[in-house]
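So the chains spell out like this:
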Amino acid sequence: MEIKDLIQDAGIRKVLFVDDDLRDRPALTDVDQASPPAHLVSDILRDTTDDDNEALVAVAAAHGAKTGNENELFDSLHIPEVLAEAPESIRVPYETAREKIIAAGASVRKVIEWVKDWTGSEPVVRTAPSDAVEAPGDIFDLLVIDYYLVGESPDESAPYIKKLLKLHEVEEKPLLVVLMTSNGGGVIANMQTIKKEIAVSSARFRILEKPSPAPGGGVVVIKERWAQALTQLASQRRLIIPMENFVKAWKVSLEDAARAMELRLLDLDGSAFAVLEATAKDDSMEIEEYLSDLLSRRVMAEAEERGAVLESVKALQRVMDQERDKIMPILTRGVELRDAQLGIRSLMSDVIWHRPAWWKVLGEIPAVPEREKVEPAAVAEVAEVIEGAAGKLADSDVGLSPRAGGTEVAKRLKEVMAGAREEQFDEYADHLQRAATSERLQWLKRHVRFGTVLQERRANGRYILNITQACDVQQVPLDQVKDAAYLFIRGDMAAVDVGTHGEKMVESQFFHSDRDVDSFHAFHWNLRQPFTPTISELLGGLEDYLIVGQLRYESAYRVLAKFASQATRVAEIHMPKFFRWPVHIFQVSRTKQWVLLNRGVELSSSAWHMTQKPDKGWQIQFSVEEASSAVELIPDLGVPSRADGTDEPMSEENRGRLMNALSTGITLKGVLAISGNLATAVRVVAPSGQNEAELIELLEKKISANQKSIGHVAFVLASAHK
């Protein structure tokens, strides 16, 4: 469905815009900001002895305006005739401030035009939030509000949004909200605070950027973002109430479970906790690990007993079935200020990995005790030994050939070097012996736990995963560290969309070291590369490693199970996987040949594999920016060339249709027509380094240039996956 049809179907008709940039006149504070610091307009208006004040009073009075106080005198400037005759020290700052406000409001007025066109209704415009809200005057379908609502402060935005949301709680259709800003960086920095304060579903709440007032400021891209955001809000409006009911049911369920657990825990006395501590030690676990696992499972068990959660899930499922034609299982990239895929990746990361607070090392590794100082043998002594041996051979009465003498010296030198090697081995053994302290062993048992990932402290250091059962380590005393060993699996960190091949590789997905950055990686563990140092050797090299993360038990056991071949598989939540495919744009030339359009311009698309019918295939989607960049490269070969030999660009209508199709997503099952006969999407299996001729050969096997009209475009998506 087109955006207008979706909006009409969702019943989005009454729209409210709230933004102080929509004012047609400045406030006194705005004028002061445009005034010279030494001669503020507010100072002039207050000082009745100022010549410019007297002149303004005379002009205002002549036009019938009130001049009794500073505010009345300033209000007189809103009369065009008064402003035109006002002193320059007052008129120029006022006009400057007014021009700034008009310029700032231009971008919002552009959005108002878009929304008016899409909804078919004239939006209601307010320049400030009202003190009170009440039905029916404040009942709307969509609220579009500026983040920095008053001046440069966001303090009034969230309270006003919450008041309107509260008013709409009894309405049949939920209120949709778009929070807009021209300062994307400031909003991104406060993203979590905003989402926490306005705790509603993202299906009804979007954060978008205003168009730039500068010429060529990416208006086409911004408009497409707004179009996609409103498309999402419209298509998901019927899901909002069931989704929020599901979240509320979970919240109540977990709160009830936590209260029940609180009562259980308050029943425990010191002796009971001592029993739990002893049980944890018997299970080779620290008390915090044991209690965390025990309590989390108990809370989940308590929550499972409450049927409201199950009923809310069923209700949500019913609505999703009804709206199946509007809801696609693919996350739109690049519409909001923050990528929408971050939320689901963060959720999946918590399923697999512990948070840093769980494994982070706070203290230093206990130091290795210093060895007793022993004066090393001087190098000169070795030289003296060799020189003495050679001298004895020279003074000997025994007749030796020069070759025999040289052999004797070489033999003696080998003996000396062998002794040096033994000394090195002895020094390493001495280091291991000194490193085997009870403090270092305790530190090792505490921090290098089952599922811990370590990295070598060197450039491009490899990663190792500890899959040693806790009971194999925790019970080892200090005098047996040479006889017991750890079991690690070596691995590498790669991008999330780089797959693993073969049964000897195991993947741990969605690792990220900074929760505020949308940068995720996967670890590929090579089961052919176990690493089994003794505890003694590990104690001697603790400073050579850095702890970077810890897998949860189920994820770590999966790697262990694969390695030990104790089970064919371990049940684990299936993780959605997004790929990034290079895109090559070809066009049928006037000579009926495929011509590459984006030579030197790297483009890519997001891909996600669907396995369920009827949508089985690849879900392909471009970001708004990449879709815009792609269509800008395509000339219109259906019309004659210009006088200078260059081609006309694609028409604005065709650009819009094509960009919308690419950025909203398509389901690809081999070859797919896009926007009628404008273009075709083709997936080919090709390595990243494939040259242009090879790509054309692969494309010709799918689509022949002779069978397509001049100007037809092929988007070739190069996948490394069969």
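You'll find the structure just up there.
Below is a summary of the structure that appears in this document. Quantities reported herein were computed from a predicted structural model and do not represent experimental measurements. Counting from 1, residues in each chain are numbered in the order their sequence is written. Confidence filtering applies because this is a predicted model: local features only for residues at pLDDT of at least 70, side-chain atom pairs given and counted only at 80 or more, and all residues used for totals across whole chains, interfaces and linings. In computing side-chain properties, one takes all heavy atoms of the structure into account and sets aside hydrogens as well as water.

For the rest of this paragraph, the subject is the packing of aromatic side chains. The geometry of an aromatic ring pair is captured by the separation of the ring centres together with the interplanar angle, meaning the angle of the planes. When two rings of Phe, Tyr or Trp (its six-membered ring) have centres within 6.5 Å they constitute a pair, described as stacked for plane angles under 30 degrees, edge-to-face for angles over 60, and tilted for the intermediate range. The final tally for this structure, using the stated rule, is 16 aromatic pairs. Here W353 and F523 contribute two aromatic rings whose centre-to-centre distance is 5.6 Å and whose plane-to-plane angle is 50 degrees, an arrangement assigned as tilted. Here W353 is found in the loop between α16 (341–352) and α17 (356–359), whereas its partner F523 is found in strand β10 (residues 521–531), with 170 residues between them in sequence. When sorted by exposure, W353 lands in the same class as F523, which is buried. By way of ring pairs, the aromatic residues W353, Y463, F511, F523 and W525 are connected into one cluster. Of note, K14 hangs over the ring of F140, and the distance from its end group to the ring centre comes to 4.8 Å. Strands are runs of DSSP state E lasting at least 2 residues, helices are runs of H or I lasting at least 4, and numbering of each runs from the N terminus. Residue burial is assigned from relative accessible area. The probe radius is 1.4 Å, only protein chains are included, and a residue is buried under 20% of its type maximum, exposed over 50%, and partly exposed in between. A ring has a charge above it when a Lys NZ or an Arg CZ is no more than 6 Å from the ring centre and no more than 35 degrees off the ring normal.

Before going further, it helps to examine the sheet that holds strand β7 (residues 463–466). Across the sheet, six strands lie side by side as β9-β10-β8-β7-β6-β11; this open sheet has antiparallel pairing. Edge strands, defined here as strands with exactly one partner in the open sheet, are β9 (505–511) and β11 (545–550). Ignoring strand direction, the axes of neighbouring strands in this sheet form an average angle of 35 degrees. We treat two strands as partners when DSSP finds at least two bridges between them. The sheet contact formed by β7 and strand β8 (residues 488–495) spans four bridges and is antiparallel. The angle between two axes is taken between their N-to-C directions and runs from 0 to 180 degrees, where each axis is a line fitted to C-alpha atoms and a helix contributes only its stretch in contact.

So, on to empty space enclosed by the protein. Lining residues are those with an atom within 4 Å of a point, where the points come from a 1 Å grid over the protein atoms alone and group into cavities, where a 1.4 Å probe fits but cannot get out, or pockets, open sets with protein on both sides within 12 Å along at least five of seven lines. Grid points are joined across faces, edges and corners, and a volume is the space filled by probe spheres set on the points. All chains considered together, the criterion is met by two cavities of 30 Å³ or more. One number sums up the size of the second largest cavity: a volume of about 90 Å³. Every residue lining the second largest cavity is counted, 14 residues in all, and those nearest its centre are V448, R449, F450, A470 and Q474. Side-chain classes follow a simple rule in which Ala, Val, Leu, Ile, Met, Phe, Trp, Tyr, Cys and Pro form the nonpolar group, Asp, Glu, Lys and Arg form the charged group, and the remainder, Gly included, forms the polar group. Residues that form the lining of the second largest cavity fall into these classes: seven nonpolar, four polar and three charged.

Looking now at the pattern of salt bridges. Criterion for a salt bridge: a side-chain nitrogen of Lys or Arg within 4 Å of a carboxyl oxygen of Asp or Glu. A complete count under the given rule lists 31 salt bridges for this structure. D24 is the salt-bridge partner of R25, the closest N and O atoms lying 3.8 Å from each other. By relative accessible area, R25 is classed as partly exposed at 40%. Given the relative accessible area of 57%, D24 is considered exposed. R462 serves as the salt-bridge partner of D492, at 3.2 Å between the closest nitrogen and oxygen. One end of the pair, D492, is in strand β8; the other, R462, is in the loop between β6 (452–456) and β7, with 30 residues separating them in the sequence.

The next point concerns the packing of helix α11 (residues 219–235) against helix α24 (residues 624–632). The interhelical angle for the contact between α11 and α24, taken along N-to-C directions, is 130 degrees, at an axis separation of 9 Å. In terms of orientation, α11 lies oblique with respect to α24. Our pair here, α11 against α24, has a crossing hand that is right-handed. Residue-level inspection shows V221, E224, R225 and Q228 of α11 in contact with α24, the latter providing V624, E625 and S628. Looking at the contact of α11 with α24 residue by residue, the class counts come to two nonpolar, two polar and three charged. Any angle between 65 and 115 degrees counts as roughly perpendicular, while under 35 counts as roughly parallel, over 145 as roughly antiparallel, and the rest as oblique. For any pair of crossing helices, the crossing counts as left-handed if the nearer helix is rotated counterclockwise from the farther one by less than a right angle, and right-handed if it is rotated clockwise. Throughout, a contact is declared for two residues whenever any of their heavy atoms are within 4.5 Å.

All right, on to the nonpolar core then. Counting residues in each nonpolar core, the largest one holds 29 residues, and the members touching the most others are F17, L142, W226 and L230. Sorting the residues of this core by element identifies α1 (3–10), β1 (15–18), α7 (88–119), β3 (142–146), β4 (176–181) and α11 as the ones contributing at least two each. No other element matches α11, which puts seven residues into this core. Excluding its chain neighbours within four sequence positions, the residues that come into contact with L142 are I12, K14, V15, L16, L175, L176, V177, V178, L230 and L233. Buried Ala, Val, Leu, Ile, Met, Phe, Trp, Tyr and Cys residues that are joined via side-chain atoms within 4.5 Å together make up what is termed a nonpolar core. One finds F579, W581, V631 and L662 within the second-largest nonpolar core, a separate group that totals 26 residues.

The subject of this paragraph is the sheet that holds β4. Through backbone hydrogen bonds, the strands of a sheet pair up, either in parallel or in antiparallel fashion. The parallel open sheet is built from five strands, whose spatial order is β2-β1-β3-β4-β5. Two strands in the sheet have a free side with no partner beyond their single neighbour: β2 (124–126) and β5 (205–209). Averaged over all neighbouring strand pairs, the angle between strand axes comes to 20 degrees, with direction disregarded. The sheet contacts of helix α8 (residues 157–167) involve β1, β2, β3 and β4, and relative to β3 the element is tilted by about 170 degrees.

This next bit is on the side chain of D19. With respect to the secondary-structure elements, D19 resides in the loop between β1 and α2 (28–33). Among all residues touching D19, those that are not within four sequence positions of it are V108, R126, T127, D146, L149, M180 and K210.

With that out of the way, let us pick up helix α15 (residues 307–322). Here the expected span of a helix is defined as 1.5 Å times the quantity of residues minus one. Given a rise of 1.5 Å per residue, 16 residues ought to cover 22 Å, and the 23 Å separating the end C-alpha atoms of α15 matches this to within 8%. All of the buried residues in α15 are V309, S312, L316 and V319. Here the buried residues of α15 occupy an arc of 90 degrees about the axis, which is enough to place them on one side. The directions from the helix axis to the C-beta atoms are what the arc is built from.

With nine of eleven residues buried, strand β12 (residues 578–588) lies mostly within the body of the structure. Alignment of β12 against strand β14 (residues 603–610), held across six bridges, turns out to be antiparallel. The residue bridging P582 from the neighbouring strand is S604, located in β14. Pairing between β12 and strand β21 (residues 713–719): five bridges, direction antiparallel. In the strand pairing of β21, V583 is matched with L717. In the sheet, β12 pairs with strand β13 (residues 594–596) via three bridges, with the strands oriented antiparallel.

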